[in-house]
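As a plain string of letters, each chain reads:
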Amino acid sequence: MNAPSTSATALPRQRSTSLLTDKYELTMLQAALRDGTAHRQCTFEVFARRLPNERRYGVVAGTARVLHAVSDFIFTEEQLAHLDFLDETTLNYLRDFRFSGHIDGYREGELYFPYSPILTLRGTFGECVILETVILSIMNADSAVASAAARMVTAADGRPIIEMGSRRTHEYAAVSASRAAYLAGFSATSNLEASHRYGIPASGTSAHSWTLLHTDADGTPNEAAAFRAQVEALGTDTTLLVDTYDITQGVRTAIEVAGTGLGAVRIDSGDLGVMTRRVRKQLDELGAYNTKIVVSSDLDEFTIAGLRGDPVDSFGVGTSVVTGSGAPTPGMVYKLVEVEGHPVAKRSRGKAMTGGAKRALRTHRSTGTAIEEVVLPFAAPTPDLGDVESRALTIPLMRDGEVVPGLPTLEESRSFLAEQLITLPWEGLALSRDEPVIPTRFIGFDSPL
């Protein structure tokens, strides 16, 4: 396994991120440069108005990737040549563009709730407005995966989960999804680019095609030959896929070939609850007491929870952790909340918000159980919250366009999230409710939500 990144800035350098944006951000910039408003000091905020279906909390993910993308948000001459809808003043502005403002927000692995001020950007209107799309595309995608993955980790109740969803999403989305799932507690990924880039343990052995490949001269399937070749190549600690044909015969053949020291068998079809109990009984009868059972086949948090009492040692999860059906978007938005120190707020029906730059803290009982999220004006002192403990959620992430040194590594954020999930009231881990488990309270605003 490759060594994980040691800081938020240790990610591999990418090409310019400046065109990962929407056209209207640059047309707004051009208009703002013309009327002089581009240089007004502003504050933009990333937040979600609600949690997606059946979620009781969200997981912040993608923060390190956002900081990296902001650092790489520069315009090359080739890119500028493509922007033929802009005037020369705007092109010159972009030619010299570097974000020089401040970013504060929740660290990766933090839990969030409706209207949590997840990220706060302070700078000129011009430099902040053109970052909207790239920031939201990262935060929405990564947080969706991490939130779904965290629920699956809870449902697995300590048993490891392997992320194996690369074939169900965009080739590069697969890499970021692997990272977000690992942040949330998955133990490994099948994706080698994610393993290389982020130091995530890689896992994988064979597919059904490997078994189907092995036939006798007359075309008769030869499952034993497939198993034998795999064991000879990878050792007896490998995992053999036993459900290409008949599972009972597959298990028998696997132990005949590999012996009772076989690492694991994988089941990828059928009624997993019934099959795992049957396979465990068969393995024990064959003397393979330490051979583990791995299951896959369109698993999500609900099917994982349904297998809680069955003899499953680990899970392989793909589609439901990397796609919108299993990991629905958090619907995070990026809104202007302050201009030259004055709060501004959208008042549209169903899209109301609270103006002003904000910071947040979370209160806890002495036992460590979280009570509520408290949102304050950014520069306001912490009020007297009574006989409860509190912890700051908003931390410095970028100063004057430079990433703050010493931000948590992926491994540290992974451990941090595991600790935060323990702080939720027990009902917060339920899979069948949809109201936030922690309420959000605004203090010190003229018109809070």
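Residues numbered from 1 in each chain as written. Predicted model: local features only at pLDDT ≥ 70, side-chain atom pairs only at ≥ 80, totals over all residues. Heavy atoms only, no water.

Okay, the UniProt feature "domain: Nicotinate/nicotinamide phosphoribosyltransferase" (unreviewed entry) in the chain next. As annotated by UniProt and renumbered to match this structure, "domain: Nicotinate/nicotinamide phosphoribosyltransferase" (unreviewed entry) occupies residues 162–349. The span residues 162–349 shows a helical share of 38% and a strand share of 15%, and its end C-alpha atoms are spaced 42 Å apart. (UniProt positions renumbered as here; feature names shortened; annotations may be inferred. Helix = DSSP H or I, 4+ residues; strand = E, 2+ residues; numbered from the N terminus.)

Of the voids in this model, the largest pocket is the one considered here, and its volume is about 990 Å³. Lining the largest pocket are 36 residues, and of these Thr 17, Leu 20, Arg 65, Ile 138 and Tyr 172 lie nearest its centre. Broken down by secondary-structure element, the contributors of at least two residues to the lining of the largest pocket are α2 (63–71), α3 (77–82), α6 (132–156), α7 (173–183) and α8 (192–198). Looking at the lining of the largest pocket, the element that brings in the most residues is α6, giving seven residues. Looking at the lining of the largest pocket residue by residue, the classes come out as 18 nonpolar, 13 polar and five charged. For the lining of the largest pocket, the two domains that each supply at least three residues are domain 1 (23–145 + 329–442) and domain 2 (157–323). (1 Å grid on protein atoms, 1.4 Å probe; cavity = no way out; pocket = protein on both sides within 12 Å on 5 of 7 lines; lining within 4 Å. Points joined across faces, edges and corners; volume = space filled by probe spheres on them. Nonpolar A, V, L, I, M, F, W, Y, C, P; charged D, E, K, R; others polar. Domains from an automatic or database assignment.)

If you trace the six strands from one edge of the open sheet to the other, you get β7-β6-β11-β10-β9-β8, paired in parallel fashion. Because the sheet does not close on itself, it has two edges, and the strands there are β7 (188–189) and β8 (239–241). Looking at chain direction, strand β6 (residues 161–163) and strand β11 (residues 314–317) are connected through three bridges and run parallel. Residue pairing for β11: Ile 162 is matched across the bridge by Gly 316. (Pairing = 2+ DSSP bridges.)

This next bit is on the UniProt feature "domain: Nicotinate phosphoribosyltransferase N-terminal" (unreviewed entry) in the chain. The residues that UniProt annotates with the feature "domain: Nicotinate phosphoribosyltransferase N-terminal" (unreviewed entry) are residues 19–140. Span residues 19–140 is 41% helix and 18% strand, its end C-alpha atoms 18 Å apart.

Annotation of the chain at the domain level lists domain 1 (23–145 + 329–442) and domain 2 (157–323). A separation of 38 Å is found between the C-alpha centroids of domain 1 and domain 2. Of the residues lining the interface, 17 residues belong to domain 1; the matching set on domain 2 comes to 17 residues. Around 1500 Å² of area is buried between domain 1 and domain 2 when both sides are counted, 63% of it from carbon and sulfur atoms. Where domain 1 touches domain 2, the interface holds two salt bridges. Run the count over domain 1 and domain 2 and you get four residue pairs in polar contact (both at pLDDT 80 or more). Listing elements by their share of the side of domain 1 that touches domain 2, those giving two or more residues are α2, α6 and α15 (410–423). No other element matches the five residues that α15 contributes to the side of domain 1 that touches domain 2. Its residues placed into classes, the side of domain 1 that touches domain 2 shows seven nonpolar, three polar and seven charged. (Contact = heavy atoms within 4.5 Å. Buried area = accessible area lost by both parts, 1.4 Å probe. Salt bridge = Lys/Arg side-chain N within 4 Å of Asp/Glu carboxyl O. Polar contact = N/O pair within 3.5 Å; in protein donor to acceptor, adjacent residues only side chain to side chain.)

Take the pairing of strand β10 (residues 292–295) next. As paired elements, strand β9 (residues 264–267) and β10 share four bridges and run parallel to each other. When the sheet's bridge partners are listed, Arg 266 is paired in β10 with Val 294. The handedness of the β9 to β10 crossover, carried by helix α12 (residues 272–285), is right-handed. Pairing between β10 and β11: two bridges, direction parallel. (Right-handed = clockwise from strand over helix to strand, strands pointing away.)

For helix α11 (residues 247–258), built from twelve residues, the straight-helix expectation of 16 Å at 1.5 Å per residue is met to within 8% by its first-to-last C-alpha distance of 16 Å. For α11, the complete set of buried residues consists of Ile 247, Gly 250, Val 251, Thr 253, Ala 254, Ile 255 and Ala 258. Along its buried surface, α11 packs onto α10 (223–234), β8, β9 and α12. One side-chain oxygen of the residue at the start of α11 lies 3.3 Å from the amide nitrogen of Thr 248, identifying that residue as Asp 246. One or two residues past the end of α11 sits Gly 259, with phi positive at roughly 85 degrees. (Expected span 1.5 Å × (residues − 1). Buried < 20%, exposed > 50% of the residue type's maximum accessible area, 1.4 Å probe, protein only.)

Where α11 meets α12, the closest approach of the two axes is 10 Å, and the angle between their N-to-C directions is 35 degrees. Crossing handedness for the pair α11 and α12: right-handed. Counting all contacts with α11, which are made through Ile 247, Thr 248, Val 251, Arg 252 and Ile 255, the residues of α12 involved are Met 275, Arg 278, Val 279, Gln 282 and Leu 283. Split by residue class, the contact of α11 with α12 holds six nonpolar, two polar and two charged. (Axes fitted to C-alpha atoms, helices over the stretch in contact; angles between N-to-C directions. Left-handed = near helix turned anticlockwise from the far one by under 90°.)

Okay, the sheet that holds strand β16 (residues 389–392) next. An order of β16-β14-β15-β19 is seen for the four strands of this open sheet, with the pairing classed as mixed. Two strands in the sheet have a free side with no partner beyond their single neighbour: β16 and β19 (440–442). Strand-to-strand, the axes of this sheet are offset by a mean angle of 30 degrees, without reference to chain direction. Of the strand pairs in this sheet, strand β15 (residues 370–377) and β19 are connected by three bridges, and their pairing is parallel. The partner of Val 374 across the bridge, within β19, is Arg 441.

Ile 267, Val 295, Ile 304 and Phe 315 are the most contacted members of the largest nonpolar core, which totals 61 residues. Here the element with the most residues in this core is α6; it accounts for nine residues. Counting only domains with at least three residues in this core, you end up with domain 1 (23–145 + 329–442) and domain 2 (157–323). Residues Cys 42, Val 46, Phe 75 and Val 129 belong to the second largest nonpolar core, which totals 58 residues. (Core = buried A, V, L, I, M, F, W, Y, C linked by side-chain atoms within 4.5 Å.)

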